[in-house]
Amino acid sequence: SEKFRLKGGQTITLHWLHCDKKGLCNPHANRPLVCKLYPILPKVSPNGEILGFFNGTIFDLFFSDKSHPCTLIRQNRQETQDMLKANLKDLLKDPNYIFIFMVANIAVEHLQNYIKAKFGTYIIDDIAPNKLAEFWNEVEMAMVLRRAWNTHEFASDIEKAYKSVAQIWGEFLPIEP
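This one's a predicted model, so the numbers in the text were calculated from it and none came from an experiment.

A.B. asks: Before we go on, may I ask you to explain the pattern of salt bridges in this structure?
C.D. replies: Oppositely charged side chains can form a pair if their charged atoms are brought close together. Counted according to the given criterion, the structure contains 6 salt bridges. Of the charged contacts in the structure, one is a salt bridge between glutamate 109 and lysine 43, with a shortest N-O distance of 3.4 Å. Of this pair, glutamate 109 sits in helix α4 (residues 95-119) while lysine 43 sits in strand β3 (residues 40-44), placing them 66 residues apart in sequence. A salt bridge links lysine 131 to glutamate 134; its shortest N-O distance comes to 3.4 Å. Here lysine 131 falls in the partly exposed class, since its relative accessible area comes to 37%.

If you want it as structure tokens, here you go:
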């Protein structure tokens, strides 16, 4: 977990989760939200409008739709998106969830941009076979050492996202002393 303090005194904690259960959680209903929405998360505007979707886990963001390991993406992406659009309507009336999804998207984009700056792409299909080990090593180190996120730009993007949501919904995170 990593805590970010916004300029107004509000904090957000990002939880970097690792799971090896492969969807076989017990009890299944107690899965974290990201697992319930797997394999995609909504890209949302500050008012809660769904603008699109992005691959929702660190591992998945490096695959194109055609080579994605999940059948829901490879073969049923549109149906999955349509289902999530219907199921997320109530959550997207809450500024906390809107902000969470915006921050998740920011984290994904920063990691993708970090890897793209190193390899010219972040899509695994476009990496030469002799560079795959180096690619995954860089991804692992970027995550472990928070290289993509320990930047002023990342913190600034989170700050901008919070302000854009708060401008519409009012302040929604508590201020910590």
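A.B. asks: So what exactly am I meant to see when it comes to the packing of α4 against helix α5 (residues 132-144) here?
C.D. replies: Packed helix pairs are specified by the crossing angle of their axes together with the interaxial distance, meaning the distance between the axes. The interhelical angle for the contact between α4 and α5, taken along N-to-C directions, is 140 degrees, at an axis separation of 11 Å. Overall, the two elements α4 and α5 adopt an arrangement that is oblique. Our pair here, α4 against α5, has a crossing hand that is right-handed. Only Glu134, Phe135, Glu138, Val139, Ala142 and Met143 of α5 make contact with α4, whose side of the interface consists of Leu111, Tyr114, Ile115, Lys118 and Phe119.

A.B. asks: Where do I start with helix α3 (residues 77-87) in this structure?
C.D. replies: Helical periodicity: at 3.6 residues per turn, an α-helix aligns residues three or four positions apart in one direction. What α3 keeps buried is the set Arg77, Thr80, Gln81 and Leu84. Taken down its axis, α3 places every buried residue within 100 degrees of arc, on the same side. Its buried side turned inward, α3 meets α1 (33-37), β3, β4 (50-55) and α2 (71-74).

A.B. asks: For this particular structure, what's the right way to read the pairing of β3?
C.D. replies: Across the 5 residues of β3, 4 count as buried, placing the element largely inside the fold. Relative to β4, β3 is paired through 5 bridges, and the arrangement is antiparallel. Looking across to β4, one finds that valine 44 is bridged to isoleucine 50. Following β3, the chain reverses through 5 residues before pairing antiparallel with β4; glycine 48 in that reversal takes a positive phi of roughly 95 degrees.

A.B. asks: Explanation requested: unusual backbone geometry in the structure shown.
C.D. replies: Most of the time, phi is negative for any residue but glycine, and the peptide bond is trans. In this structure, arginine 146 takes a positive phi of about 60 degrees despite not being glycine. Inspection of the secondary structure puts arginine 146 in the loop between α5 and α6 (152-169).

A.B. asks: What's the story with the nonpolar core in this structure? I'm lost.
C.D. replies: One recurring pattern in soluble globular proteins is that nonpolar side chains are buried together. In terms of nonpolar packing, the biggest core is built from 44 residues, with Phe99, Leu111, Phe154 and Ile158 touching the most fellow members. Counting residues per element, the ones that place at least two in this core are β2 (11-14), β3, β4, α4, α5 and α6. Of the residues forming this core, the biggest block, 11 residues, is contributed by α4. If we ignore the near neighbours within four places in the chain, the residues touching isoleucine 158 are Phe4, Leu6, Ile12, Phe99, Val103 and Ile106.

About the cut-offs
Residues numbered from 1 in each chain as written. Predicted model: local features only at pLDDT ≥ 70, side-chain atom pairs only at ≥ 80, totals over all residues. Heavy atoms only, no water. Salt bridge = Lys/Arg side-chain N within 4 Å of Asp/Glu carboxyl O. Helix = DSSP H or I, 4+ residues; strand = E, 2+ residues; numbered from the N terminus. Buried < 20%, exposed > 50% of the residue type's maximum accessible area, 1.4 Å probe, protein only. Axes fitted to C-alpha atoms, helices over the stretch in contact; angles between N-to-C directions. Parallel < 35°, antiparallel > 145°, perpendicular 65-115°, else oblique. Left-handed = near helix turned anticlockwise from the far one by under 90°. Contact = heavy atoms within 4.5 Å. Arc of directions from axis to C-beta. Pairing = 2+ DSSP bridges. Core = buried A, V, L, I, M, F, W, Y, C linked by side-chain atoms within 4.5 Å.

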